[in-house]
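# Structural characterization, general
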Amino acid sequence: MHARTAWQALAHHPLAFLATLWPWRALAYLLSGVGVGALTLVVLVAGLLTGLVLLPLGVGAVVLLAVVLGGGVVARVERWRLRLVDLDPAATDHRAPDAPGARAWLRTRLRDRLTWRELGFTAVSMTALWWMDLLVLAFALALPVLCVTAPLDDPGAWPWVVIGLALLPAAPYTVTGWAGARAALTRLVLAPRDAELTEVRASRARLVGAFDAERRRIERDLHDGAQQRLVSVNVMLGLARLDAGPGTPLGRRLDLIQGELTTAVGELRELSRGVHPRALTDQGLAAALTNLTARSPLPVTVDVALPGPLPASVASTAYFVVAEALANATKHSGAGRAEVRARLRTDTLVLTVHDDGSGGADPAGRGLTGLADRVAAADGILRLSSPSGGPTLLHVEMPCH
């Protein structure tokens, strides 16, 4: 895999990394950090003192405003320097002015949270980070050189040569490690990937919503289309059986066909419920779970207390989690009882399914893996406790915002 950051290069190819440009890029990053930090300290402290001195004259306010906006200049330089050890673009996300003109630009910039984040990062950079850059460079490079050259002044100091030679091979790793840490901090404050993450979450939410909408359409088509036609055919067969007369060969065949058709209608009804239960849309999660557990061969206690309707994707996911968990308990665990409990804590649905079976459920199994993926698609988490001998507890948390 092609490394995009100094940290990736160091972690994936620790030996081949030495033959790349990454150690030199990290060194340039720290050296430039020392220069930028020292210059920022001198300029901004001078501007701050000047502004405070001239504040009674009114001119100082302009100087202090320039100091505040100077954080944006430093941040721009830091984003440019970041490309030395992080190849991904570090774009700024300042808000656009709501009107043309310098006054609107200044008003928008002062109300923008990123402006104050940039100023805070500038303060940390000029008071701490560049000093740490200097200390790392001194420890990684200056100290080994001093140790190696120590015998030039004192021939008895030859053991320091051994220490210096031992420290030198570690210098690229020390420099790159700190450069990666400093770059990660810079990325976190000045160029976070929040927008990309938000887009991924929004895309995932759209996919889940589209999937649930398609399930509801299929259920509606099955219920209002094929199922109703089969019921009509069943009624016509009943009328034909009356015309054929009881006990006749044709009547017996019609009885057999009607029995098979009744079974098919029942199976189709169960299939439509499995695709998307109508009670879930019409009456909510509590009623849908009550209907689900009423059809379960396993005795189930339902304790669902929700203050109101849940988002459709959350309710649908919770329903199918319970359905799969009860199906597994019935088929594999030999459980005698099960319990379903659901509560809304702040804006998070907490759902648990507990059974007294033999346990040993495999989290890597197809059913549980599918459930975990479905819960993750709703931005939730799924935990399983199923020791050998039981009991089994399935715990799910999903945000409802």
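Thresholds, definitions, all that
Residues numbered from 1 in each chain as written. Predicted model: local features only at pLDDT ≥ 70, side-chain atom pairs only at ≥ 80, totals over all residues. Heavy atoms only, no water. Helix = DSSP H or I, 4+ residues; strand = E, 2+ residues; numbered from the N terminus. Buried < 20%, exposed > 50% of the residue type's maximum accessible area, 1.4 Å probe, protein only. Contact = heavy atoms within 4.5 Å. Areas by Shrake-Rupley, 256 points an atom, 1.4 Å probe, with all protein chains shown as cover. UniProt positions renumbered as here; feature names shortened; annotations may be inferred. Patch = residues over 30% accessible without salt bridge, like charges linked within 9 Å, V, L, I, M, F, W, Y side chains within 5 Å. Salt bridge = Lys/Arg side-chain N within 4 Å of Asp/Glu carboxyl O. Pairing = 2+ DSSP bridges. Axes fitted to C-alpha atoms, helices over the stretch in contact; angles between N-to-C directions.

### Quick notes on the overall build of the protein chain
A tally of regular secondary structure across the protein chain gives 13 helices and five strands. Considering the protein chain as a whole, with its 401 residues, one finds that 36% of them fall into the buried category. Expressed as a percentage of contacts within the protein chain between residues at least 6 apart in sequence, the contacts between residues at least 24 apart total 68%. For the protein chain, the computed accessible surface area is about 22600 Å², with 66% contributed by carbon and sulfur atoms.

### Describing the UniProt feature "transmembrane region" (unreviewed entry) in the protein chain
Taking the numbering used here, the UniProt-annotated feature "transmembrane region" (unreviewed entry) corresponds to residues 27-49, 55-75, 119-145 and 157-179. For the annotated span residues 27-49, helix accounts for 100% and strand for 0% of the residues, and the straight-line distance between the end C-alpha atoms is 33 Å. With 81% helix and 0% strand, residues 55-75 has end C-alpha atoms that lie 26 Å from one another.

### Some points on the environment of methionine 398
Note that methionine 398 resides in strand E5 (residues 392-399). The exposure class assigned to methionine 398 is buried, which follows from its relative accessible area of 0%. Spatially, the C-alpha atoms of methionine 398 and threonine 317 are 9.2 Å apart, while their sequence positions differ by 81 residues. If we skip the residues at most four places from it in the chain, methionine 398 touches Val314, Thr317, Ala318, Asp347, Thr348, Leu349, Val375, Ala378 and Gly380.

### Some thoughts on a nonpolar patch on the surface
On the surface, Val45, Leu48, Leu49, Leu52 and Leu55 cluster together to form a nonpolar patch covering roughly 420 Å² of accessible area. Among the residues examined, leucine 48 registers a relative accessible area of 39% and is labelled partly exposed.

### Observations regarding the sheet that holds strand E1 (residues 300-305)
Spatial ordering of the open sheet is given by E1-E2-E3-E5-E4, a layout of five strands whose pairing is mixed. If you trace the sheet from one side to the other, it starts and ends with E1 and strand E4 (381-385), each paired once. Strand-to-strand, the axes of this sheet are offset by a mean angle of 10°, without reference to chain direction. With six bridges joining them, E1 and strand E2 (residues 338-345) adopt parallel strand pairing. Bridge assignment links valine 304 to a residue of E2, and that residue is alanine 342.

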